[in-house]
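Coordinate analysis (summary)
One letter stands for each residue in the lines below.
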Amino acid sequence: MLYDELRAKAAEILAQAEQVKSEERQKTIDTVRVMIQTYDITARDLGLDKSVKAKTGPKPGNKVVPKYRDPASGATWSGRGKTPKWINGADRSQYAI
């Protein structure tokens, strides 16, 4: 009999917890709405705007200055990334800019 009583109390407490959660959730939503309106916060400000795609690739203005130039073709290389065929295995100092 004690077990059944405890289960009934547990169910009652869980129901009360759900009711309180629902009330607090609504109060929180109301508070957030007021703050959003007060501070002109947008979904984009919060990172929630799905229509804005994340930028990928190099950032503008972060170009690396070339360090080497091929005198035959005029091609340049910054010294980063895959080594071009025209400098591969050669003494790089002769191609330095």
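Residues numbered from 1 in each chain as written. Predicted model: local features only at pLDDT ≥ 70, side-chain atom pairs only at ≥ 80, totals over all residues. Heavy atoms only, no water.

Looking only at helices and strands, the chain features 1 helix and 2 strands. Traced from its N-terminal end to its C-terminal end, the chain shows the element sequence α-β-β. Computed over the C-alpha atoms, the radius of gyration of the chain is 32 Å, more than 25% above the 13 Å expected from 2.2 N^0.38 for a compact globule of 97 residues. Counting over 97 residues, the chain shows a buried share of 7%. In the chain, the proportion of contacts linking residues at least 24 apart, taken out of those at least 6 apart, comes to 27%. (Helix = DSSP H or I, 4+ residues; strand = E, 2+ residues; numbered from the N terminus. Rg over C-alpha atoms; globule rule 2.2 N^0.38 Å. Buried < 20%, exposed > 50% of the residue type's maximum accessible area, 1.4 Å probe, protein only. Contact = heavy atoms within 4.5 Å.)

Scanning the model with the defined rule gives 2 aromatic pairs in all. Consider the rings of Trp86 and Tyr95, whose centres lie 5.3 Å apart with planes at 65°: the pair is edge-to-face. The exposure class assigned to Tyr95 is buried, which follows from its relative accessible area of 13%. (Phe/Tyr/Trp six-rings, centres within 6.5 Å; stacked < 30°, edge-to-face > 60°.)

This part is about the side chain of Ser78. Its location among the elements puts Ser78 in the segment after strand E2 (76-77). A polar side-chain atom of Ser78 sits 3.2 Å from the main-chain amide nitrogen of Arg80. With sequence-adjacent residues up to four places away left out, Ser78 is seen in contact with Val64, Val65, Pro66 and Lys67. (Polar contact = N/O pair within 3.5 Å; in protein donor to acceptor, adjacent residues only side chain to side chain.)

Another point: helix H1 (residues 2-39). Look at H1: 54 Å from first C-alpha to last across 38 residues, which is about the 56 Å you get at 1.5 Å a residue. Among the residues trailing H1, Asp40 stands out with phi positive, at a value near 50°. (Expected span 1.5 Å × (residues − 1).)

Before going further, it helps to examine the environment of Gly79. Structurally, Gly79 can be placed in the segment after E2. Residue classification places Gly79 among the partly exposed positions, given a relative accessible area of 36%. Separated by 14 residues in the primary sequence, Gly79 and Val65 place their C-alpha atoms 9.3 Å from one another.

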